[in-house]
Amino acid sequence: MRRRQFVGGLAAAAGLAACTRQDDGGAAPASCAGETFEWSIATSWPPKFPGLGVAVNNLADRIAAASGGRLTLKVYSAGELVPAFEAFDAASRGIVEMGHDAAYYHKGKVPAAQFMTAIPFGMTFMEMNAWLYYGGGLELWRELYEPLNLVPFPCGNTGVQMGGWFNKEINSVADLKGLKMRIPGLGGEVFRRAGGTPVTLPVSEIFTSLQTGAIDATEWVGPYNDITSGFHTIAKYYYYPGWQEPAPALQAYVNRQAWESLPPDLQSIIETSCQAITTDMQAEYTHGNAAALQQLLGDPNVELRQFPDGVLQYLKSIAQEIVEEMVANDPMAAKIYESWSSFLAMSIPNQRITEQAFLATRR
Ligand code: CA
């Protein structure tokens, strides 16, 4: 799994000479200045997919540049090495050293992983980062993935998503009844309890399903990604806000043995580069969404709609109920929920008088 190469000739001799082993009972070798690592990173994204996929190529470029080529990542898009949702297992088992996707794709295996992506009506981008980096969230994430042999890193965030594309108006809770919508994860479960029929479809199948009427509605990401998928050409109403995924974080993860084989400076480069990708992705989406929304607002066939407050409050109460059920029989989920919900409760009054109050002045 771990392919090591030593630079040739004299440099190799110098590098090897600098390598001192800590013969103290099988501890990892100390760093070797000349040692290089060629790793593979498997992802869930189509090749060069705007935002989510491009971020992984950016991550590889940053790590290679910062390490002077000592750590390189070969990026595998969905299906190239393993299927879209199997990068996680592949890294866990050491088939690849790293992976990149969203934690909530693996809720079947780790239900509490959903806290590390997004919870309906949960945290904003700023709050998610505050909780992860300053509120103990990242430590809990590492503890959660310990049994999976993975070391996780926040690595990207799309910001608040959109509620989705609808061919029927949503004026009240009753309009959700019988509605068939592509909406995965906890949001889908909320939608089911509200009387709708949630379906999970990969992005490649959404357009045709909506066009043929197999589904009545779909959520995907936001204007930047949605406009590329062409949903505005086949659906009339574009609803906001994205209550189901306020600010989903993406994740990178490293196989634990691969992680432990790295010298501390390369570990630090991975950690810092992932943090940089989170900032970079947020900037890309903030810019891309603004430009795409401007285009959509100029399209006479698109109607931008806000979900009625009564509908949002109803969905929020169901979301609360579902999260409480999820943590009831899962001690690790309960531990994470305690930390997550305490921080969110503490943050809300502060956000109310800062971001929220300021944004309200932009009328
Ligand atoms: Ca989404």
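Structure: see above.
Each chain carries its own residue numbering, running from 1 in the direction its sequence is written. Per-residue local features are limited, in this predicted model, to residues with pLDDT of at least 70; the limit for side-chain atom pairs, both in listing and counting, is 80 or more; totals at the level of whole chains, interfaces and linings are taken over all residues. No hydrogens and no water enter the side-chain calculation; it runs on all heavy atoms of the structure.

Participant: Looking at this structure, I do not really get helix 7 (residues 203–211). What am I missing?
Facilitator: One turn of the α-helix equals 3.6 residues, which is why residues spaced by three or four share an orientation. For each residue, the accessible area found with a 1.4 Å probe, counting protein chains only, is set against the maximum for its type, and the residue is called buried under 20%, exposed over 50%, and partly exposed in between. A run of H or I in DSSP counts as a helix once it spans at least four residues, and a run of E counts as a strand once it spans at least two, with each numbered from the N terminus. Among all positions of helix 7, only Ile206, Ser209 and Leu210 are buried. End-on view of helix 7: buried residues confined to an arc of 90 degrees, all on one side of the axis. The contact criterion used throughout is that any non-hydrogen atoms of two residues lie within 4.5 Å. Looking at the buried residues of helix 7, the elements they touch are strand 6 (164–166), strand 7 (180–182) and strand 9 (217–218). Relevant arc is that of directions from the helix axis to the C-beta atoms, nothing else.

Participant: How do you make sense of the pattern of salt bridges when you look at a structure like this?
Facilitator: In what follows, salt bridge is the name for a side-chain nitrogen of Lys or Arg lying within 4 Å of a carboxyl oxygen of Asp or Glu. Throughout the structure, instances matching the rule amount to 15 salt bridges. With a closest N to O distance of 3.6 Å, Lys168 and Asp216 form a salt bridge. Pair noted here: Lys168 is in the loop between strand 6 and strand 7 and Asp216 is in the loop between helix 7 and strand 9, with a separation of 48 residues, a long-range link. Residue classification places Asp216 among the buried residues on the basis of a relative accessible area of 15%. Between Glu219 and Arg182 there is a salt bridge, with its nearest N and O atoms 2.5 Å apart. Of this pair, Glu219 sits in the loop between strand 9 and helix 8 (223–229) while Arg182 sits in strand 7, placing them 37 residues apart in sequence. The exposure class assigned to Glu219 is buried, which follows from its relative accessible area of 1%. Exposure remark for Arg182: the relative accessible area of 7% places this residue in the buried category. Because the salt bridges share partners, they merge into one network encompassing Glu189, Arg192, Arg193, Glu321 and Glu325.

Participant: What am I meant to see in the environment of Thr117 here?
Facilitator: Take Thr117: it is sitting in the loop between strand 4 (98–101) and helix 4 (125–134). Spatially, the C-alpha atom of Thr117 lies 5.7 Å from that of Ala103, the residues being 14 residues apart in sequence. Setting aside anything within four residues of it in sequence, one finds Thr117 in contact with Ala102, Ala103, Tyr104, Met128, Ala247, Pro248 and Ala249.

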